[in-house]
Amino acid sequence: MPQEPTGKKLTAINTKVLEALRFFWRQYFEAPTLRDVTEHCGISSISVVDYSFKKLLRLGYVAKTRSGRYIPIEIKLLIENDVLEKPVFQRRTMRGKNE
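Residues numbered from 1 in each chain as written. Predicted model: local features only at pLDDT ≥ 70, side-chain atom pairs only at ≥ 80, totals over all residues. Heavy atoms only, no water.

Overview of the overall build of the protein
Of the regular secondary structure elements, the protein holds four helices and two strands. When its helices and strands are written in sequence order, the protein yields α-α-α-β-β-α. Considering only intrachain contacts with a sequence separation of at least 6, the fraction spanning at least 24 residues in the protein is 44%. Accessible area of the protein: about 6600 Å², with a carbon and sulfur share of 51%. (Helix = DSSP H or I, 4+ residues; strand = E, 2+ residues; numbered from the N terminus. Contact = heavy atoms within 4.5 Å. Areas by Shrake-Rupley, 256 points an atom, 1.4 Å probe, with all protein chains shown as cover.)

Given below as structure tokens:
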């Protein structure tokens, strides 16, 4: 289980959310919506995922884009250091098609 800077372990839900975020980056090279993560993790409430992202943001595991989506901190650092090109986020429908 990942450890936060203070040495405390992340909760199971926070770990699931962080792993889902990283999965979407590996699989699709894009930031998922809260609904995407909620469905991927099998969590019944979007507010639980939103709360988890806010905690991960405070702990330094994720960053928030201007569009309001969360990205793994390691991706943010790669973009800032010009290792990765900054992605353009498109709105997706529930079936994964771009609008």
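Considering the pattern of salt bridges
What the rule picks out here adds up to one salt bridge. Here D50 and K54 are joined by a salt bridge, their closest N and O atoms 3.1 Å apart. Of the two residues, D50 and K54 both sit in helix 3 (residues 46-59), four residues apart, roughly one turn of that helix. (Salt bridge = Lys/Arg side-chain N within 4 Å of Asp/Glu carboxyl O.)

Looking at the packing of aromatic side chains
Counted according to the given criterion, the structure contains five aromatic pairs. Judged by centre distance (4.9 Å) and plane angle (85°), the ring pair of W25 and F29 falls under edge-to-face. Relative accessible area serves as the criterion here: at 5%, W25 is assigned to the buried category. Between F53 and Y70, the aromatic rings sit 4.5 Å apart at their centres with planes inclined by 5°, giving stacked as the arrangement. Of this pair, F53 sits in helix 3 while Y70 is found in strand 2 (residues 70-72), placing the two residues 17 residues apart along the sequence. A relative accessible area of 1% means that F53 is categorised as buried. For Y70, a relative accessible area of 5% gives the class buried. Grouped by ring-pair contacts, the aromatic residues F23, F24 and Y28 constitute a single cluster. (Phe/Tyr/Trp six-rings, centres within 6.5 Å; stacked < 30°, edge-to-face > 60°. Buried < 20%, exposed > 50% of the residue type's maximum accessible area, 1.4 Å probe, protein only.)

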